Amino acid sequence: ADLDATAELAEAYLNRKENKEARTLAQEVLDKKKNQPRASYVMSRLAHLAGDDKQERELLESALDKSDPDLKVLLALAKMDYDAGEFAKAGELFELGHKAQPYESEWLAELAKVYAQIGDKDKQIAVLKELAPTDADDLDHRKSLTRLLLEKDQFAEAEKYARESLEIDVRDKEAREDLLKALRGQKKDDEAERMGKILGQ
């Protein structure tokens, strides 16, 4: 009688690749409660496995309640939009996910990709500033952030993230070059010369 629990059980079967049982339970839920989010998500994944992208999208879109989204439905639909090149729509959905889970880094990583695609560097910078502290060993995002800040002539912040990049990998040539650019941009020529000698640049 508990439809939510039944839908979760359907997903558990799906995760174990017991697709027949998953389909039976998910359909049972949907017969009783149209567009139930988790059951719709299970059926969408089954549609994906069958290569039916149209049905997959229809199931996800019908199950999405933007005022109170099921996060698995939201993420799956956002990724579909991104893969289809509909970056603005994907960005809107990833923003909803970030609002619902502000401390979950996956939403930020996806938003960074979206803003890179649409060329919104200000939003990309803002997202990367949130994302960088979530992983002390994340070199790539720090390097991307440093480059964007250099383009904006925000040299002091660029220096900060270039130094963090070198703390992760002091041998990284791009991070070394970016640190020197950031120092020179601040007219710290003496420090840039000293660091250049230390880094072998």
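Residues numbered from 1 in each chain as written. Predicted model: local features only at pLDDT ≥ 70, side-chain atom pairs only at ≥ 80, totals over all residues. Heavy atoms only, no water.

**Q** Help me understand helix 11 (residues 173-185) in this model?
**A** Because an α-helix completes one turn every 3.6 residues, residues spaced three or four positions apart along the sequence face the same direction. With 13 residues, helix 11 extends 18 Å between its outermost C-alpha atoms, agreeing within 8% with the 18 Å of an ideal straight helix rising 1.5 Å per residue. Regarding helix 11, the residues found buried are Ala175, Arg176, Asp178, Leu179, Leu180, Ala182 and Leu183. Next to the buried residues of helix 11 lie helix 9 (139-151), helix 10 (155-168) and helix 12 (189-199). By the N-cap criterion, in which a side-chain oxygen at the helix start approaches the backbone nitrogen of a residue two or three places on, helix 11 is capped by Asp172, the distance to Glu174 being 3.1 Å. (Helix = DSSP H or I, 4+ residues; strand = E, 2+ residues; numbered from the N terminus. Expected span 1.5 Å × (residues − 1). Buried < 20%, exposed > 50% of the residue type's maximum accessible area, 1.4 Å probe, protein only. Contact = heavy atoms within 4.5 Å. Polar contact = N/O pair within 3.5 Å; in protein donor to acceptor, adjacent residues only side chain to side chain.)

**Q** What is the right way to read the packing of aromatic side chains from this model?
**A** Aromatic rings in a pair are described by how distant their centres are and how their planes are angled relative to each other. Under the criterion given, the structure shown has two aromatic pairs. The interplanar angle of 65° and the centroid separation of 5.2 Å between the aromatic rings of Tyr82 and Phe87 together place this pair among those described as edge-to-face. Residues Tyr82 and Phe87 agree in their burial class; the two are buried. Here Lys113 stacks its cationic end above the ring of Tyr82, 5.1 Å away from the centre of that ring. (Phe/Tyr/Trp six-rings, centres within 6.5 Å; stacked < 30°, edge-to-face > 60°. Lys NZ or Arg CZ within 6 Å of the ring centre and 35° of its normal.)

**Q** How do you make sense of the pattern of salt bridges when you look at a structure like this?
**A** Close approach of charged atoms allows side chains of opposite charge to pair. Taken as a whole, this structure holds 24 salt bridges when the rule is applied. The partner of Arg38 in a salt bridge is Glu11, with the nearest N and O atoms 2.9 Å apart. On the criterion of sequence distance, the pair formed by Arg38 in helix 3 (residues 37-49) and Glu11 in helix 1 (residues 3-15) is long-range, its members being 27 residues apart. Both residues of the pair, Arg38 and Glu11, count as buried. For Asp178, the salt bridge identified is with Arg147, shortest N-O distance 2.7 Å. Of this pair, Asp178 sits in helix 11 while Arg147 sits in helix 9, placing them 31 residues apart in sequence. (Salt bridge = Lys/Arg side-chain N within 4 Å of Asp/Glu carboxyl O.)

**Q** In this structure, what is going on with the nonpolar core? I would like to understand it.
**A** Nonpolar side chains tend toward joint burial in soluble globular proteins. One finds Phe94 and Val114 to be the most contacted residues of the largest nonpolar core, which totals 33 residues. Only helix 4 (53-63), helix 5 (71-83), helix 6 (87-100), helix 7 (105-118), helix 8 (121-131), helix 9 and helix 10 provide two or more residues apiece to this core. Ranked by residues supplied to this core, first place goes to helix 5 with seven residues. Leave out the neighbours within four places in its chain, and Phe94 touches Leu75, Ala78, Lys79, Trp107, Glu110, Leu111 and Val114. (Core = buried A, V, L, I, M, F, W, Y, C linked by side-chain atoms within 4.5 Å.)

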